[in-house]
Amino acid sequence: MAKPGPSARLDVTEGALAHNLPYLALGSGRPLVFLRWFTPDHANPTGWMRTSEIKTLSPLARHFRVYAVNRAPGTPAGTTMADIADQHAEALHKEFGEPVDVIGVSSGGSVALQLAADHPEAVRRLVVVSSGYRLEPHVREAQLNYARAVESGRRGMHHIAGETIQNPVAARLVAAAAWLLDPLARPHDPAATAAFIRAEDAFDLTDRLGEISAPTLVLGGDKDAAYPVRNLEFTAAGIPGARARVYPGASHMGAIKDPRLVADVVDFLTD
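Residues numbered from 1 in each chain as written. Predicted model: local features only at pLDDT ≥ 70, side-chain atom pairs only at ≥ 80, totals over all residues. Heavy atoms only, no water.

Novice: Just checking my understanding: could you explain helix α8 (residues 190-201) for this structure?
Specialist: Three- or four-residue spacings in an α-helix give side chains the same orientation, since the helix completes a turn every 3.6 residues. With twelve residues, α8 extends 16 Å between its outermost C-alpha atoms, agreeing within 8% with the 16 Å of an ideal straight helix rising 1.5 Å per residue. Burial analysis of α8 places nine of its twelve residues in the buried class, which makes it a mostly covered element. (Helix = DSSP H or I, 4+ residues; strand = E, 2+ residues; numbered from the N terminus. Expected span 1.5 Å × (residues − 1). Buried < 20%, exposed > 50% of the residue type's maximum accessible area, 1.4 Å probe, protein only.)

Next up, the structure:
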């Protein structure tokens, strides 16, 4: 008899929360809501991207039932980050009926911070990874350029692909590769993708960090060009009782895969 594969052992399931928020769940234990990074489509990943996400989340799934949640498909123009946080708060309350631990990565961190500020009753503890109180100016410009490109049917991935990389040569190489691969990652609903980008463009909790009451941990890498150390530290300093930890040598997406992160998250959420 064949042995069950890793996905089977993790009890991977898929579905949608209220407001049609797509999720992929895996592991066992207390629920941990994982708000995804930026994705061209507001959907669960498929193919190699699904495999990659499961591999990334597996270390956390050994301790929690991880719900990887994306934004709602069909996001209309004019949507604000507060609107998105409202959707998440209602969906989490309907699904779990009590405050839950939330971890947000990159763009998911923006959603998580807005959620914690607007709906303290929804979040038990908050972990923010490679994200902060607002976008850096160069990231805002890059994302808006991407939004304009996809809305007009042009290649756009090269605008955002290198913005998280500190080394300028490496950033240019990654951007060039993204331009070539762009047709494979075009959003199915460019208008919805652009609507979320514009919501994040206006996101800024500079004057509201003090309203976040959930115990908070801010994590990131010192090689992240999108969220430099000063952004991470400002975010943590503004939230009462929060602390930041920076991983030497970790990049923007490297932080979530850093083995040090799992230990820090488990210790923080189970303390």
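Novice: Help me out: how do you make sense of the pairing of strand β7 (residues 216-221) in this one?
Specialist: Successive residues of a regular strand alternate their side chains across the two faces of the sheet. Most of β7 sits out of view: six of its six residues are buried. Alternating positions in β7 separate into two faces, Thr216, Val218 and Gly220 on one and Leu217, Leu219 and Gly221 on the other, with burial throughout. In terms of strand pairing, strand β6 (residues 123-129) meets β7 through four bridges, oriented parallel. Across the sheet, Val127 pairs through a bridge with Leu217, a residue of β7. Bridge count for β7 against strand β8 (residues 243-247) is five bridges, and the pairing is parallel. Residue pairing across strands places Leu217 opposite Arg243, the latter belonging to β8. Of the crossover connections in this fold, the one passing from β7 over helix α9 (residues 229-238) to the parallel β8 is right-handed. (Pairing = 2+ DSSP bridges. Right-handed = clockwise from strand over helix to strand, strands pointing away.)

Novice: Can you walk me through unusual backbone geometry in this structure?
Specialist: Where the residue is not glycine, phi is negative for most of them; where a peptide bond is considered, it is trans in most cases. Phi at Ser106 takes a positive value of approximately 55°, unusual for a residue other than glycine. On the secondary structure map, Ser106 appears in the loop between β5 (100-105) and α4 (107-118). Judged by relative accessible area, Ser106 falls into the buried class, the value being 9%. Backbone geometry at Ser130 places phi at a positive 50°, although glycine is not the residue there. Among the secondary structure elements, Ser130 is positioned in the loop between β6 and α5 (137-151). The buried category is assigned to Ser130, whose relative accessible area is 0%.

Novice: I would appreciate a short explanation of helix α2 (residues 47-61) in the present structure.
Specialist: Between its terminal C-alpha atoms α2 stretches 20 Å, which fits the 21 Å expected from 15 residues at 1.5 Å a residue. The largest bend in α2 comes to about 25°, at Lys55, with the proline Pro59 one to four residues further on. Along α2, the residues classified as buried are Glu53, Ile54, Thr56, Leu57, Ser58, Leu60 and Ala61. (Bend = angle between axes of the 7 residues up to and from the residue.)

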